[in-house]
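Structural overview for review
Each chain, letter by letter, is given below.
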Amino acid sequence: MSDLTLSEAVKILHAARTEEIVVTSMGNAREWMTLAPHPLDWVYVPSSMGQATSLGLGLALAQPHRRVVVCSGDGSQLMNLGSLVTITAQAPKNYTLILFDNGVYEVTGAQPLPSSPETRKNRDRIDWSAVLSAGGFGEVQVYGRAADWQRDVKSWLQKEGPSCAVLRVAPVPNAVGPRSPGPAKERARKFREALTAR
Amino acid sequence: MFTGEEISHFLVSLGITHVVMVPDSTLGLWEPALALSKELSLVPVCREGEAWGVAAGLYLGGATPLVMIQCTGLFESGDALRNVLYDYGLPLYAFIGYRSYLNQSTLPGDTCLTFTEPILKAWNLDYRLILDPKQLDEIWTHYRDCQEKQIPGVALIAEGRA
């Protein structure tokens, strides 16, 4: 049973966040940008699709004393599945992955993913929890109810990583791609300054 | 061309903190020395596109990473490098192995020779072709120059086998 929307899931995470680095991408970045910004936000727009988990790993290794929360989508993750194994090989304790599982390429018109029952000959559904656990993530939990996510969200900002919360959310109808929040080079410079000056 | 120990010491002298790597037959020979280094952190990745993303995160976090991949991995990872080097303007440096440049006995007619340098030029990457161990100083100068200009750069390491 699922009553969690992307917008609500992102708002719950945003409300719980304090001084963590938060990497957002694609649809979750679009929603994150509707909320108050923070110097340690890395709104990864424009991105190379699927690279949020890799970029987050680099941040986690360079900033081992900060929690890094990476928000990725299931479509993005399928483009960079190996990164999950790369992450667990490095085993950064400060790495939390929030994986939004909506089963579609949302911003291009909600085409079903190869992991979705609609596109699979035998109509099965890829179990992200199993994929992540087999890939070495120590703690993985699937959420579909807003109340459950609200109850546990703070604990995910403290768990020993690499860990992953999978949030099953419904696709947003007629969703559009995220717009860049400003000049990318300038944002990169400011973000690096924020991370290295503190 | 170089031993692993030479490369390891050289990278430390450049101030490199992390080597983000997918090995090939030549670069892989350096891996044991890189892994043993107390001053470098080796970050093996599964595919070359990841290497640019991981290096970007390291750089943004204040580290000084180096990407180390084969030219075939350069071909694979185009969008990832475009994004971090040009959208975000990150001055990342890479060692890229130039497969079959010195010897085509394993792969006669290897098309890596056809495409590697045109692809580097297409990505507007400032590179130096390294044919001889004596060119280590040239890499040092090129790296410093790229850092000073805050631009990405590549040392293209000629390889003799696939």
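Structure first, text after, so check above.
Quick look at the structure, then.

Rules used in this analysis
- Residues numbered from 1 in each chain as written.
- Chains lettered and ligands numbered in written order.
- Predicted model: local features only at pLDDT ≥ 70, side-chain atom pairs only at ≥ 80, totals over all residues.
- Helix = DSSP H or I, 4+ residues; strand = E, 2+ residues; numbered from the N terminus.
- Rg over C-alpha atoms; globule rule 2.2 N^0.38 Å.
- Buried ≥ 20, exposed ≤ 12 C-beta atoms within 10 Å, placed from the backbone.
- Contact = placed C-beta atoms within 7 Å.
- Pairing = 2+ DSSP bridges.
- Axes fitted to C-alpha atoms, helices over the stretch in contact; angles between N-to-C directions.
- Arc of directions from axis to C-beta.
- Right-handed = clockwise from strand over helix to strand, strands pointing away.

As a further point, take the overall build of chain A. Secondary structure assignment for chain A yields eight helices and eight strands. For 198 residues, the compact-globule estimate of 2.2 N^0.38 gives 16 Å, and chain A sits close to it at 16 Å. Based on the C-alpha atoms only, the size of chain A along its principal axes is roughly 55 × 35 × 30 Å. In chain A, buried positions account for 47% of the 198 residues. Contacts spanning at least 24 positions in sequence make up 76% of the contacts within chain A whose residues lie at least 6 apart.

Let us look at the sheet that holds strand β1 (residues 18-21) of chain B. Residue and element names in this part refer to chain B. If you walk across this open sheet you meet the six strands as β2-β1-β3-β4-β6-β5, and the pairing is parallel. Taken across any chain shown, the strands that pair with only one partner, and hence form the sheet edges, are β2 (41-44) and β5 (126-130). With direction set aside, neighbouring strand axes in the sheet form an average angle of 20°.

So, on to helix α5 (residues 82-90) of chain A. An α-helix turns once per 3.6 residues; consequently, residues spaced three or four apart project the same way. For α5(A), every residue scored as buried is listed here: S83(A), L84(A), T86(A) and I87(A). Seen along its axis, α5(A) keeps its buried residues to an arc of 160°; they face one direction. Where α5(A) is buried, its residues meet α3 (52-62), β4 (95-101) and α6 (128-134) of chain A together with α3 (48-60) of chain B. Looking at the residues trailing α5(A), positive phi occurs at A91(A), about 50°.

A few words now on the environment of D79(B). Residues and elements named next belong to chain B. Within the secondary structure, D79 is located in helix α5 (residues 78-87). Since 16 C-beta atoms lie within 10 Å of it, D79 is described here as partly exposed. Placed 27 residues apart in sequence, D79 and W52 show a C-alpha to C-alpha distance of 9.6 Å.

This part is about the pairing of strand β6 (residues 153-158) of chain B. All names here are of chain B. The element β6 is largely enclosed, with a buried count of five among its six residues. Sheet topology places β5 next to β6; five bridges connect them, and they run parallel. Each bridged residue has a counterpart across the sheet, and for R128 the counterpart in β6 is A155. Between the parallel pair β5 and β6, the chain is carried across by helix α7 (residues 136-149), and the sense of this crossover is right-handed.

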